[in-house]
Amino acid sequence: MRTQVAIIGAGPAGLLLSHLLTRGGVDSVVLETRSQEYVASRIRAGILEQSSVDLLTEVGLGDRLRAEGDEHRGIYLNFAGERHHLDFVDLTGRTVWVYGQTEVQKDLVAAGTADVRYEVTEVALHDVESDKPYVTYLDADGVAQRLDAGAIAGCDGSFGPSRQAVPSEHFERVYPYSWLGILADVGPSTDELIYAWHPNGFALHSMRSPTVSRLYLQVPNGTDPASWSDERIWEELAVRLGHGQDGWKLTPGPITDKSVLPMRSYVQTPMRHGRVFLAGDAAHIVPPTGAKGLNLAIADVTLLSKALVDWLRAGDSTAADAYSDDALRRVWRCTHFSWWMTTMLHTSGDPFDAQLQLSQLRWVTSSNAGATGLAENYAGLPIGF
Ligand code: FAD
Ligand code: DHB
């Protein structure tokens, strides 16, 4: 079989890239190891920055997002018994949207623009330095297949084979804490997200809809989610998020999902080798604080789709040659922002660190310059930054 772009991975990066290529007149085939149902139901990101929403709208994927998503003006920062609101609209003129990655994924599947082969195995990349690269795999029936392409897009996350096909340098930071995340069938106790610094550790109150809340607690690495009873989770969330502070109340509800996520920063450079281009988590991982992972994947494939359309349709490789450098500018900005949010809000047990964190939090909530810096990064820099 032959296609112009072989895309490995049908997460948001792979499916959106295929959608954008189709719109640009370039055909692609997407290979995915998991089933369509599994990919669609993975609970992950929840926040889209303004430029992601603008892009999805521009390419025909914004209708349900704008009808069912929830636009937020900003966030709350809670520390030292006080809650402070940062208003991104006043500070930067930009907003963020609560709209789950599961919903983005459903919209991409509903668009029907991607030709996806689910439940494939043994995906391998070949001859990526030549102008005739190809991918081999076993299809869902176990039959060996070969996919020839003009270019390969590695959108297969941090454990896929594409990263290994790119001989490169990587930069990494592993954090000494994880998140215990829950999904609960209860309406949010807040109108906008609350990021809380507390001597017991970080907590975050997020949401998915008017009836579903998503909350996180900082826990030590290696924590077994089963070691936290539902009651203990709600009690600790209440303490860290400031239940009782100025009359605010956290309303608990039935927990429907509980998991522990380790935290890591990782950047692979360059993001291209020969005819393989990496995008999304295949090229970089950020710790979740600040909600950048999905947004970065969207920004990468926006750049990559334009580069591949120019190259494969018009023979102009200028943007493809610049792709890695262009994408990495934004990747490093978001890597810094995610590291900064993470290290400002998670307690390390060191009293000196705690004083620096509180000083930093006071600065971002009292200085217009400090607040604007956070807001500009959180609400997202324009595509092309
Ligand atoms: P993925 O979504 O990982 O997709 C990669 C795909 O490749 C998968 O479907 C995988 O099955 C497939 N694959 C793997 N190996 C192979 C193979 N050998 N062959 C074929 N296919 C393969 N980001 C935000 O922006 N905001 C948030 O609020 C946020 N919250 C998060 C909360 C959690 C709990 C987690 C885990 C992540 C969160 N993120 C968030 C990060 C975000 O979910 C990821 O950055 C995003 O999923 C990246 O998309 P992707 O398509 O690059 O990778
Ligand atoms: C969510 C995750 C984040 O990492 C974040 O900073 C905000 C929200 C979420 O899953 O809703």
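Because the structure is predicted, anything quoted here is derived from the model rather than measured.

## Details of the overall build of the protein
Of the regular secondary structure elements, the protein holds 11 helices and 19 strands. Expected size for 385 residues packed as a compact globule is a radius of gyration near 21 Å; at 21 Å, the protein falls within 12% of this value. Along the three orthogonal principal directions, the C-alpha set of the protein runs to about 65 × 45 × 40 Å. Every one of the 385 residues in the protein was classed for burial, and the buried ones make up 45%.

## Here we look at the site of ligand 2
Taken together, Ala 45, Gly 46, Ile 47, Leu 193, Ser 206, Arg 214, Pro 288, Thr 289, Gly 290 and Ala 291 are the residues near ligand 2. Here the shell around ligand 2 is built from residues that sort into 5 nonpolar, 4 polar and 1 charged. The residues that make up the shell around ligand 2 include at least three from each of domain 1 (2-46 + 100-168 + 270-346) and domain 2 (173-262).

## Overview of the domain arrangement of the protein
Once the domains are mapped, the protein shows domain 1 (2-46 + 100-168 + 270-346) and domain 2 (173-262). Taken together, the contact pairs 9 residues of domain 1 with 15 residues of domain 2. Here the side of domain 1 that touches domain 2 is built from residues that sort into 5 nonpolar, 4 polar and no charged.

## Comments concerning the packing of helix α1 (residues 12-23) against helix α6 (residues 101-111)
Here α1 crosses α6 at 35°, and the two axes come no closer than 10 Å. As α1 runs across α6, the sense of the crossing is left-handed. Judged by residue contacts, Pro 12, Leu 15, Leu 16 and His 19 of α1 engage Gln 101, Val 104, Gln 105, Leu 108 and Ala 111 from α6. When grouped by side-chain class, the residues that make up the contact of α1 with α6 number 6 nonpolar, 3 polar and no charged.

## Description of the sheet that holds strand β7 (residues 96-98)
The sheet built from 3 strands is open, its strands ordered β3-β7-β4 with antiparallel pairing. Lying at the two open borders of the sheet, with one neighbouring strand each, are β3 (47-49) and β4 (70-72). On average, each strand axis in the sheet is tilted by 30° relative to the strand beside it, whichever way the strands run. The pairing of β4 with β7 spans 3 bridges and is classified as antiparallel. Opposite His 72, over in β7, you have Val 96 as the bridge partner. Along the sheet face, helix α3 (residues 50-58) touches β3 and β7 and points at about 85° away from the line of β3.

## Points about the pairing of strand β6 (residues 82-87)
As judged from the 6 bridges shared by strand β5 (residues 74-79) and β6, these two strands associate in the antiparallel manner. Bridging from a neighbouring strand, Tyr 76 pairs with His 85 of β6. Hairpin remark: β5 followed by β6, antiparallel, with 2 residues in the connecting loop; positive phi at Ala 80, about 50°.

## Some words on the site of ligand 1
Around ligand 1, 35 residues are found, and the nearest of them are Gly 9, Gly 11, Gly 157, Gly 280 and Gly 293. Residue assignment for the shell around ligand 1 shows that the elements contributing at least two residues are α1 and α8 (293-314). Counting residues per element, the shell around ligand 1 draws most heavily on α8, at 4 residues. Residue composition of the shell around ligand 1, grouped by class: 17 nonpolar, 12 polar and 6 charged.

## Regarding the UniProt feature "domain: FAD-binding" (unreviewed entry) in the protein
Taking the numbering used here, the UniProt-annotated feature "domain: FAD-binding" (unreviewed entry) corresponds to residues 2-338. With 31% helix and 34% strand, the stretch residues 2-338 has end C-alpha atoms that lie 39 Å from each other.

Scoring rules and cut-offs
Residues numbered from 1 in each chain as written. Chains lettered and ligands numbered in written order. Predicted model: local features only at pLDDT ≥ 70, side-chain atom pairs only at ≥ 80, totals over all residues. Helix = DSSP H or I, 4+ residues; strand = E, 2+ residues; numbered from the N terminus. Rg over C-alpha atoms; globule rule 2.2 N^0.38 Å. Buried ≥ 20, exposed ≤ 12 C-beta atoms within 10 Å, placed from the backbone. Near = placed C-beta within 6 Å. Nonpolar A, V, L, I, M, F, W, Y, C, P; charged D, E, K, R; others polar. Domains from an automatic or database assignment. Contact = placed C-beta atoms within 7 Å. Axes fitted to C-alpha atoms, helices over the stretch in contact; angles between N-to-C directions. Left-handed = near helix turned anticlockwise from the far one by under 90°. Pairing = 2+ DSSP bridges. UniProt positions renumbered as here; feature names shortened; annotations may be inferred.

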